[in-house]
Structure formats: C-alpha cells, structure tokens
Amino acid sequence: MSGLHPKAPFPKAAEASVNQPQLRANLRKVTHTIRAKRAAVVAELPYWEQLRQLGAATKDDSLVNLSDRLLELERNVQARGGQVHWARDAAEAREIVARIALAHGERELIKVKSITSDEIELNQALEEHGIHAIETDLAELIVQLSHDTPSHILVPAIHRNRAEIQALFNAELPGEGGLSDNPQDLAAAARRYLRHKFLTTRMAVSGANFAVAETGTVCVVESEGNGRMCLTLPEVLVSIMGIEKVLDTWEDIAVFMETLPRSSTAERMNPYNSFWSGVTEGDGPQEFHLILLDNGRTHVLADEFGRQTLRCIRCSACLNVCPVYERAGGHAYGSVYPGPIGSILTPQLLGMHDKNANSLPFASSLCGACYEVCPVEINIPQVLIYLRNEGNAHKGPNAESLAMGAARVAMSEGWRWEGALRLARLGQGPLVRQGEISWLPGMLAGWTEVRDLPALPREGFREWWKAREGSRTVDANTQAGPPDIVQDAQNRESPPANVQEGGHPPAGQHGQEGEDHA
Amino acid sequence: MKVDLYLTCVNDAMFPRTGQATVRLLERLGCEVRFNPCQTCCGQMHMNTGYREDALVLARKFVREYEHAEAVVMPSGSCAAMVRELYPQAAQWAGDDELLRGVQALESRIFELSEFLVDRLGVTDVGAYYPHRVTYHPTCHAARMLHVGDRPLQLLRNVRGMTLLELEGAEECCGFGGTFAVKNADVSAAMLADKTRHIQDTGAEACTAGDNSCLLHIGGGLHRLRSGVRTVHLAEILASTEEEVFA
Amino acid sequence: MSHPKSVHPHNAEARLEMLTVINRAIAGAAPVEKPAYPRPQPLSAAEREEQFRDRILDYRAHYTRVPLAELPQAIAASLGRAQRVLVPAGIPADWLPAGLEQLRDEPPLSHAQLDRAEAVVTGCAVAVSETGTICLDHGAEQGRRALSLIPDLHVCVVRENQIVQTVRGAVERLGLAVRAGRPLTWLSGGSATSDIELVRVEGVHGPRALHVIVIAE
Ligand code: SF4
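In this text the structure is predicted, and so the values were computed from the model without any measurement.

(A) Examining the overall build of chain B more closely. A count of helical and extended segments in chain B gives 13 helices and 8 strands. In summary, chain B has a C-alpha radius of gyration of 18 Å against a globular reference of 18 Å for 247 residues, a match within 12%. Along the longest, intermediate and shortest principal axes, the C-alpha atoms of chain B span 50 × 45 × 30 Å. Looking at chain B as a whole, 70% of its 247 residues qualify as buried. Taking the contacts inside chain B whose residues are at least 6 apart along the sequence as the reference set, 78% of them involve residues at least 24 apart. In the form shown here, chain B has an accessible surface area of approximately 7,400 Å², with 46% of it arising from carbon and sulfur atoms. Between the centroid of the 24 positive side chains of chain B and the centroid of its 32 negative side chains there is a distance of 2 Å.

Have a look at this one:
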C-alpha cells in the first residue's frame, strides 16, 4: 500500500466535500488569491511561453535518457561522499530509511515537507519501528498534530482555518495554552517548539525538487527555513526522490528556478533554495543518503503519451486554477497527489489497475485551465482523455459502452441519424428515454437534479432546410450580392490553393440518396 | 464563398434556430451556404467519454465528407476544437496515418463561427440589431483550445440596440463537460450554481455563448431557478436585424 | 556515529531491475531538441541596481547602498543593538565597525554556541536583480551554511558588480562553485509562511531580518 490508493471513486468522495460551505469558501478564497498573484508575476516575463517550452523539453530530454542520467547522478553523488539507494516501491524505500535510522540508534528524526515521503507513507512505517518523525513545515505540522492528511501540494492545511489551528496548538504543543488565533502568534509557537528539535536532532529526511546528474547536486525549494535547518544541522541526511526529478547539467536548473516559484507560491523567487552535492567537509551533514524511488513511475515512463506526466515539478498551479479542485477539495482525490495532476498521475502510477483511481480522469470538465498554466506544458486535458480511453479498454462491455456503440451506429450514416432524430421527435427510438433526449448515456439521472431539459423542438433544422431548398430554386437567380461590408474582405480572399473551385462538392448528392433509406 | 455549415449533433437535435440563424447570417454576408445532410456528429462525446474507436469512425467519416470543402463553419467551439485539436491526436494514438494526413490538410479550413466572421470574412460589424441586455460566457474550448480570444466580443460590441454586460468569472467553466455533468453531478452542479449566480448578478435578460451544449447546461440551471434569464446562441443575436429579431 | 557502508543485498537487485525496466520503457524514444534560453532586454548597471533594490524592498527586507568608506557605519546601523556577531573567515577587516564583539567560527562553533549569536555579517557569491535573490556559495566571506541560518539577523553585503540581471546569469556564474562541490543557499527576502489562511507571516525558522547593503562603485 502507499498514499496513492483512493478509498472511493471520485464522485462519491467529492459528494461530502462539495456540500461543506465552509470548506468551499476557504478553497475559493485561497485558490482565487493565488491565481491572481500568479498571473501578475508571470506577466512580468514576456518570454514565459518560451520558458515553458524549454522546461518541457529539458524534462523530456532527461526522461528519454533516464537510465544514463540516474547512473551519472549515482556516480557523482558517490564521488562526493554520498550513498545512493534504489527503491522499486514504497516498501523498499521505507525500509531503507528505517534501516539507516536504526543503524544509528535514532528514535526521532526531523522532516522537511516531502510529498514523496507521504506517497510512501513513511511516517506510519517509521512509527512501527519505534521511530518518530517530526514534520517541520508549518502546514505539515498542523496536519500531523491533527492526525489529518494534506489537501494541497503547496499549502497542505488549506482546509483548516485559524481557529482550528489555535485550538490544536494550544492543546498539542508543549508549554502552550494561551495562544491567540493570530497567524503571527501561531507561527511563533511553531518556531519555539521546533527550534530545539532543529538544534539537537541528529537525523533528517527530505524530498528533492531537482537533482543534477552532472554534478550530483540535489535541490530543495522552500519558504520557511525549516528546510535549511533540516538540510544543514543534523549529522545524517536522507533524501528521497522520484526518479523523474533528475536533470542533465547544472545549467538546466535555471529554467525551473524561473518557472517554479512564479507558478507555485506566485513569487518572483521563493525565500530559500538549498543545493548540495554529496557531503561537504565541515559544512552540514557528514553522512548523506539519496534514495531513488520508482513506485510506479516506470509504468508512466513506458507510455509514450502518458510520459509527459513525469515532467511535473509539483508547482500546484493546476490545482489553483481547477474549477473541480476548487469545489471538491484535495481529499476527494484520495491520493497524496490531488487536483488535475493527481487525476492523471495517480491512476498511471497504479498502472491503470486501480478501479477507484481510474475514476479520477473523469473528474474533469476538460475546461483546459490546467494546461494553460502548467509551467512544463503537460497537456493535462489530452492526457485525461487518453486515460479515459485506456481505463475503458480495461473494462468489458457495460451499459455505457453499449449506449455509446448504439449512438455511434445511429451517427454512422446521415440517413440513419436523420431517421433517429425523426423518431426522437415522436418520443421514440434509440436516442430517447422517457420522452427526452438521452444520448448522453444515463444523462437524465444526474442532469435533472439541478437542471431542466428543454423538450425537443417539433421541427428540426433539416425539415426547415429542405422546405427552404424546395422554394429557393425559384428565386435563386434574384439573390443579392454580398453587402458592402464584406465585399472588400472578399476581394482580398482567394480560395486555399488545395481547393479547386467547383471541385468535388461536399457530399450533397450522397445525402439525397440517403433520404430514400430513411 | 461556398461555406459548408456543420451544424453539430446537439443543434441538429435540439437547436434548429441556431442552424437557421447561422444560415441567415452567412447568406446576409454574401456566402453561399451548403448543408450536407450526411453529417451527424464529430465524435466528441465518444472521445471524451473514453470510446476512441467509436470516435475514430466518426472522425474518418467527417474527413471523407469535408476534405474538399472550401470552408466548414461550425456554430460550436468545442466541435471545431475536436476536429482541429483532437482528431490529429486521436489519429496518432490509433496510428492512423491516413486520417492524420487528411485532418492536417483540412485543419485550416475548419472555423468556429466567430473565427470565420472575423478572420475569414474580415467583419466585426455584421449589421445586427438586438434590443436587449446580454451577458457573454466565453466557452472553455473556444477560449483555451481554439484561442478565439475576443472575437465574439468584437462582434457583440457592434450589435445595435444591445447592452453588453460584463460577467464576473466569465472565463470559468460552467461545469458542463459532456458526460462530466452526469458522472460528477455534484461538482458540476456546484460549478453551475456559481455560473448562474454570476449571470443573474449582471441583470442581463439573456446569456449568450458560441456553444449550445454549454448553453443547454446553463439554460437548464437558469430555468430551474426560475430566473427569467434565457440563453441564446451567438449566431441568433448576430442574425437578428431590425426587420427580424431572431431570438 | 558509525558509517554503514555495505550495500544491502536488496539494493543491487532493485538497481538492476529498475534500470532494466527504464531501458525497456524508453527504448526507441526519439532524442529531444532543447530550444534556446530566452533572454530579456539587458539592463544597464544602474538599472540593475535599481531593480534589485525594488525587489529587495518588495520582500520587506532592508536595503542600503553606500560607498566602501561608509560600509562600517552602515553595518553598525544594521546591527543596531545586536551583541555577539558572527563573522565568517575572509570578511575584510575594513568592513567592520570598530569595537564589534566578534564571534569567529575557528574552531567550529557548536549549534548551541551559534544559537547564542544574535547576528551574522556575510558577503555573497552573486545576486539577481530580476528576482531580488542573493546566492551564497559558502566560500570566503560567507562561512558554512549554519552561520547564516541560525542567528536572527543576517546582514549581507553585496558588491555592485556581483549583481546580475537574470536567474540564468546567476546559474552560469555559480557553475564553478557547484562543480567544485560547494553547497549553495539562495535567499530571496526573509523566511516566510502563508500556511495559515494564506496570511503571510515573516520570520518562521530562518533569520527573521535580512539587511542588504550594496557597496556603491
Ligand atoms: S502538472 Fe504542471 S501545473 Fe500541475 S503541479 Fe505539475 S507542473 Fe505544476
């Protein structure tokens, strides 16, 4: 198991959260605020689109050379005194971390926010070994103290308001009790609690935003400084990274240092970025372990179209613009990866074998807002459509597929379709159920909860057109020329070169013969 | 110019007036409009619901029937986007090179209505008259896949007698998304609720858009609320004149 | 602490299997062309300094620009009443105000000793005007990473010729340090969080105050 398996299909999981007005109000405020800020800082860079293209190509380049890159990274981390571990799945990764901690006799370690570690459910596994992992990111601390799960990549406690956090800190943080609900006060309490831990804990666990194969460098991007504390002060550091995070050369870092902060926290640059290569004598942890995690990433890599999903740099811009995320909230996605990216990443990491996860690609109206903001140009809507098809391919015939097939047959010829429409107007035939059009399979059930559906018009366009064509032959020659407003434009136009004037007419005649059948 | 009207299945079944308006409008602007009765559906519903093979049958049919067209005009952003954006992709997924070549050759002659008027005919004032307060919802596929930008607004601003009211959160999806509205009815309803509230806040008598499937959804919501606000396709406003108010 | 060096038997097996699966997944994939890096309109030195200042102030950090001769007074002003000021190796003596109670890191101070320091004065490796970022490579004038992390006030001195316009420019300049294996820390304003209802709170764990002093040339 890992933090990827949704416990219910998305529509069911979303039902509860959609109907919580407080949660929806919180989400709305937060997503709209970040949305506007992001748009402003992105607009500062006139060459943003080029940066997106470059970011996408840089990631693709590493992905299609992934084995070479990982071997080079391993070589260079080792050359600088670090150790590299390979983990096929969550269990292997957890075991490696636990083994390192136990070898040093550590019972407590500090952690920098890392979705990858949530993905492998590291904290729970360490508890089983009697090792306590302390989350040091403010939001992760809130989530941990309240035995909750994160609901957003960037602001994991987005679903909690200040009163809840005040109560939590007063109850759970040693020595506190009289905190106000002022965020400044609450953050200061977290500082007091964690300061001592930073200075005395001997082992830390982090994720990684990027790694550079050429130099063996690992990068962590953060805001609060807890990352720097964890990466600098302990004696032993373990970093867990998905294999897709590796880049080729040091210079490849640049584009992401431009696009990630603007897409993520909507800042020109986030407060702190740390880079280190193996072990530096006299500076920072003197023992460094890098864990390279697969856990389904190679499933994604193997699919030529789905592969683009692995470009993701976890900025969360797609969450913040997503109308579905805004209403359903992060928990509805049932995975550590929520929002549009979660809808394509989770099912693929699970090899398209998890039924609940396969409902995620349908959790989208395909509005395309996610693709527009993605700093590495992942065409999320197209991947969603692709995965819907992949998911259906794993299923046998069912009511929906049969209805789709029936609609396709009705639509395969103009005459069939015309006949079906004619029947539909009489309240019969393959497109109709209970007197209303139903070629969206099962449409009526969900549709009429909150929407009305107009009755079918008695006369369709085709009848009108035919009647008109019949009468038109008489006055066809008297038709007026184009009015002045378009004459100029028309004089400029010439038909596209590949269309011969008077060439094959669009299949008008075929249609006539179709009518006889209908 | 000879123009092939591709009506789309939703209009064919449910919105004949949109088709009639498109014909009137294009003829008024001097086009020779043709309607190929073989047409059925572009296959978008099949594709987006995950039935690619069914969709490909309809895609091949479309390309066969329109490969020689001078211009194909669709009063629907999402169907135009299906043909221009998703046909090539679906052809690649299926390894159908013939379809891919066919679509690529045809692509530049496929137009959503506002694109055709503004880019191909070079008009933004179509001589329309529509004495109502109207707000405009830019549909997702027209905005983000076709990038029609403000073309529909350019056209609407030149409609005489009409008051165009700005819609808050205009670029946000109405929650339709084909079978999404059914499969994820709760989320879709929540999106629709925000959209209809914003529309009602404008004080408009009518909400317009370039796509009747979105309008079917929005209109269904407005009707259920007994809001008194109606929906009307862009083509119907543009076809209206002082002699004949179309919608 | 002991150093467990031996490779766990599982690991060799996992490594081999992962590499095999990856190779199978990417077999026959077409090579990728990377487009050129876009470059903005170059700014003059004066415009760069202006932009840098604007960005630093936007982060609500302090900003001063002084000629070298006035640097000691500027540092003294930034330090205010702070006692026990960390001074990394390599900081020129003529930067510092007279009578400063200096804490040197030779021999290396313990975490507890560092925690008692109230401020640190460092130089930097390079700075970025477009983003208001200061990059440390922890070489001379900067000290190891813990020095500029634990004290509550960080006074950072930037020479005007260290300011480049773009992130890309800074990455290029830092190439030598990274290839020499040195760690880097990039600072853009002070520590901050927006985790509670998206309200920005400055100064969580890192230094709560950042003072940037640019030496005018
Ligand atoms: S998919 Fe794109 S927008 Fe979404 S988190 Fe990943 S990089 Fe950011």
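(B) Focus on the nonpolar core. Counting residues in each nonpolar core, the largest one holds 191 residues, and the members touching the most others are Phe 10, Phe 169 and Met 257 of chain A, Phe 62 of chain B together with Trp 186 of chain C. Considering each element in turn, this core owes the most residues, 10 residues, to helix H5 (residues 77–94) of chain B. The residues touching Phe 62 of chain B, leaving out its near neighbours within four places in the chain, are Tyr 6, Val 72, Met 74, Val 83, Tyr 87, Leu 106 and Ile 110 of chain B. Listed in part, the 40 residues of the second largest apolar core include Val 3, Val 118, Leu 121 and Val 232 of chain B.

(C) The arrangement of the interface of chain C and chain A in detail. Counting residues at the interface gives 81 residues for chain C and 107 residues for chain A. Interface of chain C and chain A: buried area, both sides summed, is about 8,000 Å²; carbon and sulfur atoms make up 59% of it. Where chain C touches chain A, the interface holds 13 salt bridges. In this structure, the salt-bridge partner of Asp 252 of chain A is Lys 34 of chain C, at a minimum N-O distance of 3.0 Å. Of all the secondary-structure elements, those providing two or more residues to the side of chain C that touches chain A are helix H1 (9–26), helix H2 (45–58), helix H4 (111–116), helix H5 (167–179), strand S9 (184–187), strand S10 (192–193) and strand S11 (201–202) of chain C.

(D) Highlighting the packing of aromatic side chains. This model, assessed by the stated rule, comprises 20 aromatic pairs over all chains. With a centroid separation of 5.8 Å and an interplanar angle of 80 degrees, the aromatic rings of Trp 276 of chain A and Phe 288 of chain A are classed as edge-to-face. In this pair, Trp 276 of chain A sits in strand S9 (residues 272–277) while Phe 288 of chain A sits in strand S10 (residues 287–293), placing the two residues 12 residues apart along the sequence. Residue class for Phe 288 of chain A comes out buried when judged on its relative accessible area of 1%. Ring geometry for Phe 305 of chain A against Trp 93 of chain B: centres 5.0 Å apart, planes inclined by 80 degrees, an arrangement best described as edge-to-face. With Phe 305 of chain A in the loop between helix H13 (297–302) and helix H14 (317–321) and Trp 93 of chain B in helix H5, the pair connects residues from two separate chains. Judged by its relative accessible area of 14%, Phe 305 of chain A is buried. Taken together, the ring pairs in this structure connect Phe 461, Trp 464 and Trp 465 of chain A together with Phe 35 of chain B into an aromatic cluster.

(E) Structural view of helix H5 (residues 90–103) of chain A. Residues and elements named next belong to chain A. The end-to-end C-alpha distance of H5, which contains 14 residues, comes to 20 Å, matching closely the 20 Å that a straight helix rising 1.5 Å per residue would cover. Looking at H5, one finds that the buried residues are Ala 90, Glu 92, Ala 93, Arg 94, Ile 96, Val 97, Ala 98, Ile 100 and Ala 101. Measuring from the backbone nitrogen of Ala 91 back to the side-chain oxygen at the start of H5 gives 3.3 Å, which picks out Asp 89 as the cap. Gly 105 sits one or two positions beyond H5 and adopts a positive phi of about 70 degrees.

(F) Region of the structure containing the environment of Met 47 of chain B. Looking at the element boundaries, Met 47 of chain B is found in helix H3 (residues 44–49). When the C-alpha positions of Met 47 of chain B and Met 162 of chain B are compared, they lie 38 Å apart, and in sequence the two are 115 residues distant. Ignoring anything within four residues of it in the chain, the contact list for Met 47 of chain B reads Ile 385 and Asn 389 of chain A together with Arg 52, Ala 55, Met 82, Leu 86, Ala 90 and Trp 93 of chain B.

Calculation rules
- Residues numbered from 1 in each chain as written.
- Chains lettered and ligands numbered in written order.
- Predicted model: local features only at pLDDT ≥ 70, side-chain atom pairs only at ≥ 80, totals over all residues.
- Heavy atoms only, no water.
- Helix = DSSP H or I, 4+ residues; strand = E, 2+ residues; numbered from the N terminus.
- Rg over C-alpha atoms; globule rule 2.2 N^0.38 Å.
- Buried < 20%, exposed > 50% of the residue type's maximum accessible area, 1.4 Å probe, protein only.
- Contact = heavy atoms within 4.5 Å.
- Areas by Shrake-Rupley, 256 points an atom, 1.4 Å probe, with all protein chains shown as cover.
- Lys, Arg positive; Asp, Glu negative; His and termini not counted.
- Charge placed at Lys NZ, Arg CZ, Asp CG, Glu CD.
- Core = buried A, V, L, I, M, F, W, Y, C linked by side-chain atoms within 4.5 Å.
- Buried area = accessible area lost by both parts, 1.4 Å probe.
- Salt bridge = Lys/Arg side-chain N within 4 Å of Asp/Glu carboxyl O.
- Phe/Tyr/Trp six-rings, centres within 6.5 Å; stacked < 30°, edge-to-face > 60°.
- Expected span 1.5 Å × (residues − 1).
- Polar contact = N/O pair within 3.5 Å; in protein donor to acceptor, adjacent residues only side chain to side chain.

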